[in-house]
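An overview of the molecular structure
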Amino acid sequence: MPPLTKTAAQMVADARARIEEIGTEELIAIIEDPEVVIVDIRDIRERQRDGYIPGSVHAPRGMIEFWVDPDSPYHKPVFAQDKRYVFHCASGWRSALTAATLQDMGFAAAHLRDGFKDWKAKDGPIARDD
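Structural notes, computed from the coordinates. Keep in mind it's a predicted model, so treat the numbers as computed, not measured. (Residues numbered from 1 in each chain as written. Predicted model: local features only at pLDDT ≥ 70, side-chain atom pairs only at ≥ 80, totals over all residues. Heavy atoms only, no water.)

1. Here we look at the environment of Phe116
Mapped onto the fold, Phe116 is located in helix 6 (residues 115-121). Judged by relative accessible area, which is 2%, Phe116 ranks as buried. Spatially, the C-alpha atom of Phe116 lies 8.6 Å from that of Thr24, the residues being 92 residues apart in sequence. With sequence-adjacent residues up to four places away left out, Phe116 is seen in contact with Arg42, Asp50, Gly51, Tyr52, Ile53, His88, Cys89, Ala90 and Ile126. (Helix = DSSP H or I, 4+ residues; strand = E, 2+ residues; numbered from the N terminus. Buried < 20%, exposed > 50% of the residue type's maximum accessible area, 1.4 Å probe, protein only. Contact = heavy atoms within 4.5 Å.)

2. Considerations on unusual backbone geometry
Residues other than glycine seldom take positive phi values, yet Asp123 does so here, at roughly 60°. On the secondary structure map, Asp123 appears in the segment after helix 6.

3. Notes on helix 5 (residues 93-105)
Between its first and last C-alpha, helix 5 extends 19 Å over 13 residues, near the 18 Å set by a 1.5 Å rise per residue. Buried within helix 5 we find Ser95, Ala96, Thr98, Ala99, Ala100 and Leu102. On its buried face, helix 5 is in contact with helix 1 (8-16), helix 4 (64-68), strand 4 (84-88) and strand 5 (110-112). Two residues or fewer past helix 5, Gly106 is found with a positive phi of approximately 95°. (Expected span 1.5 Å × (residues − 1).)

Below, the structure written as structure tokens:
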């Protein structure tokens, strides 16, 4: 295999340099703000195993561009609101790439810098489905 021209870590660093990052404490403080939509891009199995941020919307990473795009046959109305969107994954890598991609599409998006693992570590509220 030829050497990569850019590593995943470099892609994440490049994304983080140009997107809005939100700290865990800040997101905990605004969790009930009706103008904020928290979007969980983790795999459904991660959500089921580890729980999720109460009120968050689940949007699988592999579908997010299509769900956000109003011209896509897969568009979801939750993304057509005039609100602040904060995306998260487990550690902040996938959500950084997601926010950068959506920003490139013209969709304003921030991400939870240190991910759901930090959310749990800082005692952010967690919901679980029984």
